[in-house]
Amino acid sequence: MTKDSRPLAVFDLDGTLADTAHRQRFLERTPRDWNAFFAAAPDDPPLAEGVALALKSAEECEVVYLTGRPERCRRDTVDWLAAQGLPGGTIWMRRNDDRRPARRTKLDILRRLARDRAIHVLVDDDELVCEDAERAGFTVVRARWAATSAALKEAQEGEGRT
């Protein structure tokens, strides 16, 4: 089986592979400090369960990343993934000016990916993303191994920021 024929394992970052708890405080104030929130991302500790699942998935799948992080965070994201020893793979990011809810942006990209490749699994912590992906016929693993933040969930859905 060639690399291009392997199915895709699609992983979210924040709350799935990266522990964002230390930077939640930037979203709990008014107004939310998005610049500080994303600037602190390089210091995210890895989430062991998510990292282990990504490494295991890489044995049979091509791992790609689907994040609500804006494009301006690409360099930090690439460096963070490499520092954690995660598989190299395409990173799908939100346009800097895209404020659609995460469930819409991610489902659009999943459908686009599925036109050319089989999607083995989506791993994400956002319940709304997971529900919509399942309704669309994708296999989903809910990343429930990180502490949840009401501020982050509200921002994902209401502000289309991550």
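A few points on the structure.

### What about helix H3 (residues 74–83)?
Inference 1: Among the residues making up H3, those that are buried are Thr77, Trp80 and Leu81. Buried residues along H3 cover an arc of 100° about the axis, so they all sit on one side. Along H3, the residues that are exposed and aim more than 90 degrees away from the buried face are Arg75, Ala82 and Ala83.
Inference 2: Where H3 is buried, its residues meet strand S2 (62–70) and strand S3 (91–94).

### Focus on helix H4 (residues 102–114)
Inference 1: For H4, spanning 13 residues, the distance from its first C-alpha to its last is 18 Å, which sits close to the expected 18 Å at 1.5 Å a residue.
Inference 2: Those residues of H4 not exposed but buried are Ala102, Thr105, Lys106, Leu107, Ile109, Leu110 and Leu113.

### A few points about unusual backbone geometry
Inference 1: Of note, the bond from Thr30 into Pro31 is cis; its omega dihedral lies within 30 degrees of zero at -5°.
Inference 2: Relative to the helices and strands, Pro31 resides in the loop between strand S1 (8–11) and helix H1 (34–39).

### A closer look at the packing of aromatic side chains
Inference 1: The full count for this structure, using the stated rule, is three aromatic pairs.
Inference 2: Here the aromatic rings of Trp34 and Phe37 are separated by 5.6 Å at their centres, their planes lie at 80°, and the arrangement is edge-to-face. Note that Trp34 and Phe37 are positioned in helix H1 at a spacing of three residues, about one turn of the helix. Neither Trp34 nor Phe37 differs from the other in exposure class; each is buried.
Inference 3: Relative to Phe38, the ring of Phe37 lies with its centre 5.1 Å away and its plane at 75°, an arrangement referred to as edge-to-face.

### Some thoughts on the layout of surface pockets
Inference 1: Here the largest pocket defines a volume of roughly 150 Å³.
Inference 2: Lining the largest pocket are 14 residues, and of these Met93, Arg94, Asp98, Arg100 and Ile109 lie nearest its centre.
Inference 3: Where the lining of the largest pocket is concerned, the elements lending two or more residues are S2, S3 and H4.
Inference 4: By residue number, the principal contributor to the lining of the largest pocket is H4, which donates five residues.

### Structural notes on the nonpolar core
Inference 1: Among the nonpolar cores identified, the biggest contains 26 residues, and Phe11, Leu17, Tyr65, Leu81 and Leu86 are the most heavily contacted of them.
Inference 2: Among the elements of the structure, S1, H1, helix H2 (48–57), S2, H3, S3 and strand S4 (119–124) are those that each provide at least two residues to this core.
Inference 3: The element that contributes the greatest number of residues to this core is H1, accounting for four residues.
Inference 4: Discounting chain neighbours no more than four positions away, the residues touching Leu86 are Leu17, Val51, Ala54, Leu55, Tyr65, Trp80 and Leu81.
Inference 5: Counting 16 residues, the second largest nonpolar core, distinct from the first, contains Leu8, Leu107, Leu122 and Phe138.

Conventions we followed
- Residues numbered from 1 in each chain as written.
- Predicted model: local features only at pLDDT ≥ 70, side-chain atom pairs only at ≥ 80, totals over all residues.
- Heavy atoms only, no water.
- Buried < 20%, exposed > 50% of the residue type's maximum accessible area, 1.4 Å probe, protein only.
- Helix = DSSP H or I, 4+ residues; strand = E, 2+ residues; numbered from the N terminus.
- Arc of directions from axis to C-beta.
- Contact = heavy atoms within 4.5 Å.
- Expected span 1.5 Å × (residues − 1).
- Phe/Tyr/Trp six-rings, centres within 6.5 Å; stacked < 30°, edge-to-face > 60°.
- 1 Å grid on protein atoms, 1.4 Å probe; cavity = no way out; pocket = protein on both sides within 12 Å on 5 of 7 lines; lining within 4 Å.
- Points joined across faces, edges and corners; volume = space filled by probe spheres on them.
- Core = buried A, V, L, I, M, F, W, Y, C linked by side-chain atoms within 4.5 Å.

Scope: geometric values only; no functional claims are made or implied.
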